[in-house]
Structure formats: C-alpha cells, structure tokens
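Commentary on secondary and tertiary structure
If you want the building blocks of each chain, they are given just below.
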Amino acid sequence: MKTRAAVAVAAGKPLEIMEVNLDGPRAGEVLVEIKATGLCHTDEFTRSGDDPEGIFPAILGHEGAGVVIEVGEGVTSLEVGDHVIPLYTPECRECEYCLNPKTNLCQKVRATQGQGLLPDGSTRFSMLDGTPIHHYMGCSTFANHTVVPEIALAKVRKDAPFDKICYIGCGVTTGIGAVINTARVEIGSRCVVFGLGGIGLNVIQGLRMAGCDQIVGVDLNDEKEKMGRHFGMTDFVNPSTVEGDIVAHLVELTKGGADYTFDATGNVKVMRQALECAHKGWGESIIIGVAPAGAEISTRPFQLVTGRVWRGTAFGGAKGRTDVPKIVDWYMDGKIEIDPMITHKLTLDEINHGFDLMHQGKSIRAVVEF
Ligand SMILES: NC(=O)c1ccc[n+]([C@@H]2O[C@H](COP(=O)([O-])OP(=O)(O)OC[C@H]3O[C@@H](n4cnc5c(N)ncnc54)[C@H](O)[C@@H]3O)[C@@H](O)[C@H]2O)c1
Ligand SMILES: [Zn+2]
Ligand SMILES: [Zn+2]
C-alpha cells in the first residue's frame, strides 16, 4: 500500500512530507493506522544529527496511538479494530529481561530495532523509487500507517482519545514510571525534579500521586513555574537567581536533602547537582535525561559511600503491554492529567514547525493528528 509520512532524509535536514510504499505485515507483525503522534526530544535528537546511532533515511516518531488494520500470520493477542499504542520498549514476556521483575528492557528485538529494521532484518517502508526507508525505535509513528511487531503494541481501551493517549507512548509513562517503578517513592517523601518540560511535569504528577510532602521543581525558565504548580509542585527554584551553591540551597530547602531527586534535563552538570542534593544515608537520584553523545557524569565517590544512590530509567521502567493500558485507565478515570500538556496541535504538513516550537521552549507537547 501507499501512505503519507514525514521522512528524515538526512541528518540535520527538515523532515520531508511524502507518499511512501508500505509492505503489509509479515509473521508476528501488525499493520497500524496511526491516528495521532507526539513529538519528543528524542526524535529531534536523531533528526538533528546529534544522535550517533541515527540512521537515514528513516521515518521517526515513537509516541503514537492508532488502530489495528491488519495482522500478520501467527498474531494472537490483537485483532483488526483494536486500539493500540506502539512501544519502543517491547514486552515479549519470555526473554530473560521480561521474566525479571527488576527491568523492562526486553531484548527480544533489540538488535534489529537498533538498526532501523523489523525483527526479520528487513524494512517495510520504501520511497516511491524503491529506496528503502528505515524504521525508528521500532515505531515510526510519523507515518499515517506503520508496521510494528506484535510484542511492541499495547492494547488499550477504545473510548480513550488518540490525541491525548499518544503521549503515554513516551512522555507520560517515562515521567510517572520513574516515580512509581524506578524510584518507588514512598508517601511523605521530599523530592526535587530538575527540568519542568514534558518529562519533568509528568514526574511531578507522579510524585503527587505517590503522596509526597514536598515537590521542589528546578528550572532556568520562570515560565515553567505555573504549569509545575498546576501538576503538584510545592516549591519552585530558578538556579540563575540563587546566590551561592544551588546544591546547598536545595539541601536546606528540603531540610537536609531530598529522599528522591530526578534529572529531566539531560545536562550532566545538573545530574551531579541532583545526586548531591539527595539526602545523606538514603537519598536516591534518578537519571531520566538523555545526555549529548560522549558526555560523562562525575561526582566524588564519597557521595555514594555516604549512602546516596545513582540510578537511571528508560521508559519509566514500565513493562509496556502490561503497564501502558493501566496508565490509559488512570487518564480516563481522572487520576492523571494530560490535556494541559498538549499545548499544540499540528497537521503532518506542519510537523517541522513542531520542532521549532520545541527549540523555542514554547511547547510542552506538540501533537500531530492524521
Ligand atoms: N529515559 C527515557 O526513557 C527518556 C524518555 C523521553 C525523554 N527523555 C529525555 O528527558 C529529557 C527531558 O525531556 P523533555 O521532553 O522534558 O525536554 P524539555 O526541553 O521539554 O524540558 C527540559 C527542561 O529543562 C530545563 N533546563 C534546561 N537546562 C536546565 C538546567 N541547567 N537547570 C534546570 N533546568 C534546566 C528547560 O528549561 C526545560 O524546561 C531529555 O533529555 C529527553 O531526551 C528520556
Ligand atoms: Zn520520547
Ligand atoms: Zn522480552
């Protein structure tokens, strides 16, 4: 079949909207009509050429929601008409990682996914002249139709709006999951969140759900304060207006250090501050942000010797086929909010404008509706 897609033709170039060929699903695969997709920083990281593992041409996008149009041979868990969210972290439920409750990093299709290919080593997308186009993060949601492995699709309820739940495909789950699955924050905790963007705000609403006593938000942009407070932030700190050491300031504000801290900036200097403002003896710092290629974190080992813990999280530690449908329920039941974070709606033709908004710090999430 043919479908419309925004194609990343080369590193650093704007996406090109074009008609592409899409082959039907093979064994274990599913054809999905994408109804809506969010634009995440990770897409921009790859589009810009900063991602050392970026492969071109490719169809980017990993934060989508849509409907099953056709299932390949042997697919048993999904049928035509099901509503789904593609998962860049799949859940095969049989690999060593899926069977271990400590991780969500299913390895079943890892090797081919990293190469921009489906598990059989080939691509379903091509340009009209026959040039193959790579998949991206196993999802490629910047296309009106895409082919995804069955194990990389979460089946969700049919009454949930696509233009909101697409965000659960990355940002919402990453932020809330970092609190619930990775940190396992206890009721009454004091926490600090660095970076109040599309990820940090979801950390904040996760902390509110977890019943924290204090939720400190840290951002260089004062305009982020209002939204932070809306989602449950109790204190706002702009490091550029703090005199002296930001770490000492945060330790004092949290009465001795935070029980849990989160980096949602991707800046390795901020990651160090996040670790060092965690409480001596038990404070844990969770790295969510993706740092530039080659960047390294550092601290004095004494920080860890005296009981602080440094951890990281991918996709909020969520096992997608199991956890994503529950998060969709939380949204539909009003336990979490998504609507105020969808600040811009675009058509596929306007997708490059979405990246401009991201750079200008004007959007939390821009969503493309097909
Ligand atoms: N681990 C994962 O699974 C995962 C998933 C998605 C995104 N991410 C990463 O999470 C990070 C945040 O993504 P986002 O979409 O929220 O980005 P964003 O740009 O919307 O938000 C980042 C925020 O950090 C603030 N900031 C920047 N530098 C700062 C500093 N020095 N001190 C304090 N605040 C600062 C910015 O003003 C902005 O509000 C990115 O690095 C992204 O790649 C990780
Ligand atoms: Zn993402
Ligand atoms: Zn697995």
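These numbers were taken from a predicted model, which means no experiment stands behind them.

This brings us to the overall build of the protein. Across its full length, the protein carries 11 helices and 17 strands. Radius of gyration (C-alpha) of the protein: 20 Å, near the 21 Å computed for a compact globule of 370 residues. In terms of principal-axis extent, the alpha carbons of the protein reach across some 60 × 40 × 40 Å. The burial tally for the protein puts 57% of its 370 residues in the buried class. Summarising the internal contacts of the protein: among those between residues at least 6 apart in sequence, 70% fall at separations of at least 24. Only carbon and sulfur atoms are counted for the fraction: they give 50% of the accessible area of the protein, which is about 15,300 Å². Within the protein, one finds 35 positive and 47 negative side-chain charges whose respective centroids are separated by 4 Å.

This part covers the pattern of salt bridges. Enumeration according to the criterion identifies 19 salt bridges in this entry. Its salt-bridge partner being R157, residue D329 comes within 3.0 Å of it at the nearest N-O pair. Placement of the pair is D329 in helix α10 (residues 320–332) and R157 in the loop between β9 (153–156) and α3 (162–165), with a sequence separation of 172 residues. Judged by relative accessible area, which is 31%, D329 ranks as partly exposed. The residue E369 makes a salt bridge to K345 at a minimum N-O spacing of 3.5 Å. You can see E369 sitting in strand β17 (residues 365–369) and its partner K345 sitting in strand β16 (residues 342–346), a full 24 residues away along the chain. Residue E369 is classed as partly exposed on the basis of its relative accessible area, which comes to 37%. Taken together, the shared-partner salt bridges in this structure form one network comprising R26, E29, D120 and R124.

For the rest of this paragraph, the subject is the coordination of the zinc ion (ligand 2). The coordination sphere of the zinc ion (ligand 2), as far as protein atoms go, consists of C40 (SG), H62 (NE2) and C170 (SG), spread over 2.1 to 2.3 Å. Here the donor residues of the zinc ion (ligand 2) are spaced in sequence according to C-x21-H-x107-C. Linking C40 in the loop between β3 (29–38) and α1 (41–47) with H62 in the loop between α1 and β4 (64–71), this pair joins segments that are 22 residues apart in sequence.

Next up on the list: the coordination of the zinc ion (ligand 3). Expected angles at a metal are 109.5 degrees for tetrahedral coordination by four donors and either 90 or 180 degrees for octahedral coordination by six donors. Here the zinc ion (ligand 3) is held by C92 (SG), C95 (SG), C98 (SG) and C106 (SG), and the distances to it run 2.3 to 2.4 Å. Given four donor atoms and angles of 103 to 114 degrees at the metal, the environment of the zinc ion (ligand 3) is assigned as tetrahedral. Here the donor residues of the zinc ion (ligand 3) share one chain and are spaced in sequence as C-x2-C-x2-C-x7-C.

Tallied over the full model, the rule gives two aromatic pairs. R47 extends its terminal NZ or CZ atom over the ring of F355, reaching a point 5.8 Å from the ring centre.

Here the focus is helix α11 (residues 351–359). Within α11, the full set of buried residues consists of I351, G354, F355, L357 and M358. Projected down its long axis, α11 carries its buried residues within an arc of 155 degrees, all on one side. G361, located one to two residues past α11, shows a positive phi value of around 70 degrees.

Let us now look at the site of ligand 1. Lining the immediate surroundings of ligand 1 are 26 residues, of which H41, I199, D219, T313 and F315 lie closest. The separation between an oxygen atom of ligand 1 and a polar main-chain atom of V290 is 3.0 Å. A distance of 2.9 Å is found between an oxygen atom of ligand 1 and a backbone nitrogen or oxygen belonging to F315. Relative to its unbound accessible area of 880 Å², ligand 1 is 83% covered by the protein chains. Counted by class, the shell around ligand 1 contains 12 nonpolar, 11 polar and three charged residues. Domain assignment of the residues forming the shell around ligand 1 places at least three in each of domain 1 (2–171 + 317–369) and domain 2 (183–312).

Turning our eyes to something else, we now look at the side chain of T182. Note that T182 resides in helix α4 (residues 171–183). Residues in contact with T182, not counting those within four places in the same chain, are G177, I286, R311, G312, T313, G316 and G317.

Taken as a whole, the protein is organised into domain 1 (2–171 + 317–369) and domain 2 (183–312). For domain 1 versus domain 2, the separation of C-alpha centres amounts to 29 Å. Across the boundary between the two partners, domain 1 contributes 14 residues, which contact 15 residues of domain 2. It is E337, M341 and I364 that lose the most area in domain 1 upon contact with domain 2, and together they represent 38% of the buried surface on that side. Across the contact surface, domain 1 and domain 2 share zero salt bridges. Between domain 1 and domain 2 we count four residue pairs in polar contact (both at pLDDT 80 or more) in total. Classifying every residue of the side of domain 1 that touches domain 2 gives eight nonpolar, two polar and four charged.

Calculation rules
- Residues numbered from 1 in each chain as written.
- Chains lettered and ligands numbered in written order.
- Predicted model: local features only at pLDDT ≥ 70, side-chain atom pairs only at ≥ 80, totals over all residues.
- Heavy atoms only, no water.
- Helix = DSSP H or I, 4+ residues; strand = E, 2+ residues; numbered from the N terminus.
- Rg over C-alpha atoms; globule rule 2.2 N^0.38 Å.
- Buried < 20%, exposed > 50% of the residue type's maximum accessible area, 1.4 Å probe, protein only.
- Contact = heavy atoms within 4.5 Å.
- Areas by Shrake-Rupley, 256 points an atom, 1.4 Å probe, with all protein chains shown as cover.
- Lys, Arg positive; Asp, Glu negative; His and termini not counted.
- Charge placed at Lys NZ, Arg CZ, Asp CG, Glu CD.
- Salt bridge = Lys/Arg side-chain N within 4 Å of Asp/Glu carboxyl O.
- Donors = N, O, S within 2.8 Å, 3.2 Å for Na, K, Ca; no water.
- Tetrahedral: all angles 85-135°; square planar, octahedral: opposite > 155°, others 65-115°.
- Phe/Tyr/Trp six-rings, centres within 6.5 Å; stacked < 30°, edge-to-face > 60°.
- Lys NZ or Arg CZ within 6 Å of the ring centre and 35° of its normal.
- Arc of directions from axis to C-beta.
- Near = heavy atom within 4 Å.
- Polar contact = N/O pair within 3.5 Å; in protein donor to acceptor, adjacent residues only side chain to side chain.
- Nonpolar A, V, L, I, M, F, W, Y, C, P; charged D, E, K, R; others polar.
- Domains from an automatic or database assignment.
- Buried area = accessible area lost by both parts, 1.4 Å probe.

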